[in-house]
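Take a look at the letters that make up each chain.
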Amino acid sequence: MAVREQPGSEHAGLATRYLETQLAGDLRGALRLLDEALARGASITDLQCHVIQAAQREVGALWWSNQIGVAREHQASAISQVALAHLFSQAQPEPSRGISVALACVEGELHELPARLVCDFLELAGFTVSYFGGNLPTDSLLSLLEQERPDVVALSVTMTFNLPALRRTLEGIRKRLGEHQPILVGGPALVDAPGLLTELKVSTAGQTPAELVAGVLDALRERRH
């Protein structure tokens, strides 16, 4: 069982070994692999993107094709949650940009690992991120946003059946924070709904750290113009 990475990726073998430790339920083994890679000179970002994120995509594919059950998928994802926190604790963030981002999964969305990755990417890039996790009730999110007034709001949606919740959340944000509030939306559900971003008048920032940073900055520039 191997992780499908880009051809020639130097991290494909490590990602496959990490996946194997996940599926074996070996948390300490997973952390040991990451620590050994750090000692060899791998960067935090590379391990986040090309090992943990890549392995998680494979976990999702294995679950989707019924090669693993829900319990194994949950166990593997829980290991990656700890692994991300482990890496984050060792990372040195860039200087503060003075830009705040509020990030949450829409109501009903239980898949929070993609949003957790985005949060880590942005925090390490110097943004101040308020992360509210998965399945946050819309009214609670809107109340928090009114209190915090972030520069940018980012929403994550993985399952297509949560797209109605995304619509409700966007309507609420624009009603309470104004039509010009910068909003970014991301998640696999958008892949299955071409044209939705245009219809909802929101943008997406992409998946890599560089794309996410550029997306947040672009959203702010659009508001100012």
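All values reported here derive from a predicted model rather than from experimental measurement. (Residues numbered from 1 in each chain as written. Predicted model: local features only at pLDDT ≥ 70, side-chain atom pairs only at ≥ 80, totals over all residues. Heavy atoms only, no water.)

Draft legend 1. Just the overall build of the protein chain, in detail. Scanning the protein chain for helices and strands turns up nine helices and four strands. Secondary structure elements of the protein chain occur, N-terminal to C-terminal, as α-α-α-α-β-α-β-α-β-α-β-α-α. Taking 2.2 N^0.38 as the reference for a compact globule, 225 residues should give roughly 17 Å; the C-alpha atoms of the protein chain span a radius of gyration of 18 Å, in line with that estimate. Principal-axis analysis of the C-alpha atoms gives the protein chain an extent of 50 × 40 × 30 Å. (Helix = DSSP H or I, 4+ residues; strand = E, 2+ residues; numbered from the N terminus. Rg over C-alpha atoms; globule rule 2.2 N^0.38 Å.)

Draft legend 2. Region of the structure containing the confidence of the model for the protein chain. On average, residues of the protein chain carry a pLDDT of 90, and 95% of them reach 70 or more. The secondary structure element of the protein chain with the lowest average pLDDT is helix H9 (residues 209–224), at 83, and the one with the highest is helix H2 (residues 27–39), at 96. (pLDDT = per-residue confidence, 0-100.)

Draft legend 3. Representation of helix H5 (residues 113–124) in the model. Taking 1.5 Å of rise per residue, the 12 residues of H5 would be expected to cover 16 Å, and the 17 Å separating its terminal C-alpha atoms lies within 8% of that figure. Inspection of H5 places Leu113, Ala115, Leu117, Val118, Cys119, Asp120, Phe121, Leu122 and Leu124 among the buried residues, and these make up the whole buried set. In the stretch just after H5, glycine 126 is the one whose phi turns positive, near 100°. (Expected span 1.5 Å × (residues − 1). Buried < 20%, exposed > 50% of the residue type's maximum accessible area, 1.4 Å probe, protein only.)

Draft legend 4. Structural context of the state of the cysteines. Tallying each qualifying case throughout the model produces zero disulfides. Between cysteine 49, a free cysteine, and cysteine 119, which holds the nearest cysteine sulfur, the sulfur-to-sulfur gap is 14 Å. Cysteine 105 takes part in no disulfide bond, and the closest cysteine sulfur to it belongs to cysteine 119, at a distance of 11 Å. (Disulfide = S-S within 2.5 Å.)

Draft legend 5. View of the sheet that holds strand E3 (residues 152–156). Taken in spatial order, the four strands of this open sheet run E2-E1-E3-E4, and their pairing is parallel. Edge positions in the open sheet fall to strand E2 (128–131) and strand E4 (183–186), since each of these has one partner strand only. Taking the axes of each pair of neighbouring strands and ignoring which way they run, one obtains an average angle of 20° across the sheet. Bridge analysis of strand E1 (residues 100–105) against E2 gives four bridges, and the strand direction is parallel. Each bridged residue has a counterpart across the sheet, and for alanine 102 the counterpart in E2 is serine 130. Packed onto the sheet, H5 meets E1, E2 and E3 and runs at close to 160° relative to E2. (Pairing = 2+ DSSP bridges. Axes fitted to C-alpha atoms, helices over the stretch in contact; angles between N-to-C directions. Contact = heavy atoms within 4.5 Å.)

Draft legend 6. Quick peek at the packing of aromatic side chains. A full pass over the atoms with the stated rule returns one aromatic pair. Centre to centre, the rings of tryptophan 63 and tryptophan 64 are 5.9 Å apart; their planes meet at 55°, and the pair counts as tilted. (Phe/Tyr/Trp six-rings, centres within 6.5 Å; stacked < 30°, edge-to-face > 60°.)

Draft legend 7. The arrangement of the pattern of salt bridges in detail. All chains considered together, the criterion is met by five salt bridges. Residues aspartate 120 and arginine 116 are paired through a salt bridge, measuring 3.0 Å at the closest nitrogen-oxygen approach. One end of the pair is aspartate 120 and the other is arginine 116, both in helix H5 and four residues apart, which spans about a single turn. Aspartate 120 gets classed as buried once you look at its relative accessible area, which sits at 2%. Take arginine 116: its relative accessible area is 22%, and that puts it in the partly exposed class. We note a salt bridge from arginine 176 to glutamate 146, for which the minimum N-O separation is 3.1 Å. Placement of the pair is arginine 176 in helix H7 (residues 163–177) and glutamate 146 in helix H6 (residues 138–148), with a sequence separation of 30 residues. Arginine 176 gets classed as partly exposed once you look at its relative accessible area, which sits at 30%. Look at glutamate 146 and you get partly exposed, because its relative accessible area is 34%. (Salt bridge = Lys/Arg side-chain N within 4 Å of Asp/Glu carboxyl O.)

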